[in-house]
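So the chains spell out like this:
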Amino acid sequence: MLKFKVTTKWIKGAIATTIILQSSYALGWGQIGHRVTGELAESYLSENARAQVRALYPNESLAEISTYADEERSNPAEFWQKTANPWHYVTIPEGLEYQAHHAPEEGDAYTALMEFRKTLTSETATKEEKRLALHFIVHIIGDLHQPLHCGNGTDRGGNTVKVEFFWQDSNLHRVWDSGLIDRKKLSYTEWTKWLQQKMSPALVTQWRNADPKVWMRESVILRNGLYPDQEKLSWKYEYKHIPTVKKRLQMAGVRIATFLNEIYK
């Protein structure tokens, strides 16, 4: 279980400093990818969910708050440096199902998501606690749709797999967080527009699922296929895997909305 207590006193200190920093472990989809999932989600919120979200963040969109959990990782507060650090990923060894009791003491993406869901439905949680919960929920759901955030426990989600991506030193995790997305030189709004045009009502209905274990299982199924058989990656790797990137971004956007619609139904 997640072992933390979010208090108003802590929140005031924790959000005092925000500096964008590229973490040595992972930044989910990266800035653009997370914003795409948040922007897509806006289109599929129920009327009530949209009203509740606006009550918490009247001047910020889901796209904007989707990156806060990464931006705050440079905050020197112990909460961000230690407690919240494992909430961006889960570990699922090959051939096994996810088990919450295998999570670190601080919890992981799944346990944190479940706790933050409780916060949003709580009658006693403060507005600041709910704001924190909402931006983490949007972020974590995006993370769980990046297959290497459901790591196998042997290589830190591909961070130790060194590769050369279009003639630049990198690692497999970074390629999936941002490399493949940034290569397209599109803004998050361009990504969102083009992806959404290809999302038929039937596909959206098919993807509506609020169970994180289903999303994680999908990521695990995809995971092994991401590992290359050579160190130098360029056009062929991009051609093979960019459809998966697009689909997982689309699915994450639908699932963020579905999760929030379930909370606020």
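Quick notes on the rules
- Residues numbered from 1 in each chain as written.
- Predicted model: local features only at pLDDT ≥ 70, side-chain atom pairs only at ≥ 80, totals over all residues.
- Heavy atoms only, no water.
- Helix = DSSP H or I, 4+ residues; strand = E, 2+ residues; numbered from the N terminus.
- Buried < 20%, exposed > 50% of the residue type's maximum accessible area, 1.4 Å probe, protein only.
- Contact = heavy atoms within 4.5 Å.
- Areas by Shrake-Rupley, 256 points an atom, 1.4 Å probe, with all protein chains shown as cover.
- Phe/Tyr/Trp six-rings, centres within 6.5 Å; stacked < 30°, edge-to-face > 60°.
- Axes fitted to C-alpha atoms, helices over the stretch in contact; angles between N-to-C directions.
- Left-handed = near helix turned anticlockwise from the far one by under 90°.
- Pairing = 2+ DSSP bridges.
- Salt bridge = Lys/Arg side-chain N within 4 Å of Asp/Glu carboxyl O.
- Arc of directions from axis to C-beta.

(A) Just the overall build of the chain, in detail. Counting its secondary structure elements, the chain contains 13 helices and 5 strands. For the chain, the residues scored as buried account for 54% of the 265 residues in total. Sequence-distant contacts in the chain: of pairs separated by 6 or more residues, those separated by 24 or more amount to 77%. Total accessible area on the chain stands at roughly 12,500 Å², and carbon and sulfur atoms take up 51% of it.

(B) Main features of the packing of aromatic side chains. Applying the stated criterion to the full structure yields 12 aromatic pairs. Consider the rings of Trp87 and Phe136, whose centres lie 5.4 Å apart with planes at 70°: the pair is edge-to-face. With Trp87 in the loop between helix 6 (78-83) and strand 1 (90-91) and Phe136 in helix 8 (residues 127-144), this residue pair connects regions lying 49 residues apart in the sequence. Its relative accessible area of 0% is what places Trp87 among the buried residues. Note on Phe136: relative accessible area 0%, which makes it buried. Seen from their ring centres, Trp215 and Phe259 are 6.0 Å apart, and the 70° between their planes marks the pair as edge-to-face. Within this pair, whereas Trp215 is found in helix 12 (residues 212-223), its partner Phe259 is found in helix 13 (residues 235-263), the two being separated by 44 residues in sequence. Owing to a relative accessible area of 0%, Trp215 belongs among the buried residues under this scheme. Residue Phe259 is classed as buried on the basis of its relative accessible area of 0%.

(C) The arrangement of the packing of helix 8 against helix 13 in detail. Between helix 8 and helix 13, the shortest axis-to-axis distance is 9 Å and the interhelical angle comes to 145°. Read as a crossing pair, helix 8 and helix 13 show a hand that is right-handed. Contact residues: Leu134, Ile137, Val138, Ile141, Gly142 and Leu144 in helix 8; Arg248, Ala252, Arg255, Ile256, Phe259, Leu260 and Ile263 in helix 13.

(D) Structural view of the sheet that holds strand 5 (residues 232-233). Within the open sheet, the 3 strands sit side by side as 4-3-5. Their pairing is mixed. Bordering the open sheet on either side are strand 4 (168-171) and strand 5, each of which pairs with just one other strand. Alignment of strand 3 (residues 162-165) against strand 4, held across 4 bridges, turns out to be antiparallel. By the bridge assignment, Lys162 is partnered in strand 4 with Asn171. Of the strands in this sheet, strand 3 and strand 4 are in contact with helix 9 (residues 172-182), which crosses strand 4 at around 110°.

(E) Quick look at the pattern of salt bridges. One pass over the full model with this rule turns up 11 salt bridges. A salt bridge links Glu97 to Arg217, with the nearest nitrogen and oxygen atoms 3.3 Å apart. Note that Glu97 is positioned in the loop between strand 1 and helix 7 (109-121) and Arg217 in helix 12, a separation of 120 residues in sequence. For Arg217, a relative accessible area of 38% gives the class partly exposed. Bridged by salt links that share partners, the residues Glu42, Arg50 and Arg54 form one connected network.

(F) Representation of helix 10 (residues 188-196) within the structure. Buried within helix 10 are the following residues: Trp191, Thr192 and Leu195. Projected onto a plane normal to the axis of helix 10, the buried residues spread over an arc of 95° and lie on a single side. Elements in contact with the buried residues of helix 10: helix 2 (30-42), helix 9 and helix 13.

As far as function goes, none of this settles anything; it's purely spatial.
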